[in-house]
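Next come the chains, spelled out residue by residue.
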Amino acid sequence: MMIGITGTPGCGKTAAAKLLQKLGHPVLDLKTTVGPFVLEHDDASGSDVVDVDAWAEAFPYTEGFVEGTFAHYLPCDKIVILRCRPDVLRERLAPRGYSEEKIRENAEAEALDVILIETVDSFASEQIYEIDTTSTDSESVVRSILSFAKGESPASFGSLDWSEYITDVI
Ligand SMILES: Nc1ncnc2c1ncn2[C@@H]1O[C@H](COP(=O)(O)OP(=O)(O)OP(=O)(O)O)[C@@H](O)[C@H]1O
């Protein structure tokens with residue numbers, strides 16, 4: 001089974017992936033696979049612009065967890081979306097040395113449910129599991145991911161509402 005772990009940068013995908021690996025689960029960091037599909041480097045945001053459609057089309061089905069902001073573009077069997085309240089996300093991103101614009105863009109995307117909306121567009125409800133990492137440590141996040149992966153926890157998403165943070169971050 002291919003299980004995607006997606007989410008806005010800073011929501012805790014890498015932290016969860018490291019723990020999953022420590023527990024012996026195969027995890028592929030999708031950042032390591034996009035190289036051939038980088039179209040350009042955007043100096044303003046400091047990010048690479050990736051041809052996500054071409055990347056997703058060429059991506060081979062992979063057993064185990066696949067982790068990255070683009071995971072929900074892949075035909076995963078199940079997809080986990082990590083979420084983080086936008087004000088806390090800002091605090092998590094600040095030490096990275098990102099520009100204020102890049103931090104604002106990510107916090108805004110999180111407040112607007114951008115990745116959730118994209119995921120709901122591509123997956124059936126029973127494939128989606130959303131986890132709020134705002135006040136949940138990575139160990140508990142990983143327990144929830146594994147429980148969903150094994151079919152012990154049912155699909156669940158759509159209970160978070162961070163619309164009140166939209167005015168804070170725009
Ligand atoms: N569950 C959590 N609780 C508190 N802090 C967390 C949690 N998960 C991650 N963090 C912290 O938040 C920061 C961002 O986490 P992480 O790098 O895992 O995010 P990410 O989603 O992988 O980001 P990117 O997509 O840019 O790789 C790190 O400092 C990490 O230690």
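Residues numbered from 1 in each chain as written. Predicted model: local features only at pLDDT ≥ 70, side-chain atom pairs only at ≥ 80, totals over all residues.

Caption draft 1: Molecular detail of the overall build of the chain. Regarding its fold elements, the chain presents seven helices and seven strands. Reading the helices (α) and strands (β) of the chain from amino to carboxyl end gives β-α-β-β-β-α-β-β-α-α-α-β-α-α. Computed over the C-alpha atoms, the radius of gyration of the chain is 15 Å, within 12% of the 15 Å expected from 2.2 N^0.38 for a compact globule of 170 residues. In terms of its C-alpha atoms, the chain occupies a principal-axis envelope of roughly 40 × 35 × 30 Å. Burial status across the chain gives 38% buried among its 170 residues. (Helix = DSSP H or I, 4+ residues; strand = E, 2+ residues; numbered from the N terminus. Rg over C-alpha atoms; globule rule 2.2 N^0.38 Å. Buried ≥ 20, exposed ≤ 12 C-beta atoms within 10 Å, placed from the backbone.)

Caption draft 2: Highlighting helix α5 (residues 114-122). Within α5, burial applies to I115, L116 and T119. Axial view of α5: buried residues confined to an arc of 100 degrees, hence all on one face. Seen from the open side of α5, the exposed residues pointing more than 90 degrees away from its buried face are I117 and D121. Looking at the buried side of α5, the elements it contacts are β1 (2-6), β6 (78-83) and β7 (128-132). (Arc of directions from axis to C-beta. Contact = placed C-beta atoms within 7 Å.)

Caption draft 3: Summary view of the pairing of β6. Of all the six residues making up β6, six are buried; the element is thus mostly covered by neighbouring parts of the structure. Side chains of β6 alternate between two faces, with K78, V80 and L82 and I79, I81 and R83 buried alike. Two strands pair when backbone bridges link them, and β1 and β6 are joined in this way by four bridges, in the parallel orientation. Bridged to I5 within β6 is V80. Where β6 lies against β7, five bridges are found, and the strand directions are parallel. The partner of L82 across the bridge, within β7, is I131. (Pairing = 2+ DSSP bridges.)

Caption draft 4: Spotlight on the UniProt feature "binding site: ATP" (unreviewed entry) in the chain. Residues annotated by UniProt as "binding site: ATP" (unreviewed entry) correspond here to G10, G12, K13, T14 and R96. Within the element layout of this structure, K13 appears in helix α1 (residues 13-22). Under the C-beta neighbour-count criterion, T14 is labelled partly exposed, with 17 such atoms within 10 Å. (UniProt positions renumbered as here; feature names shortened; annotations may be inferred.)

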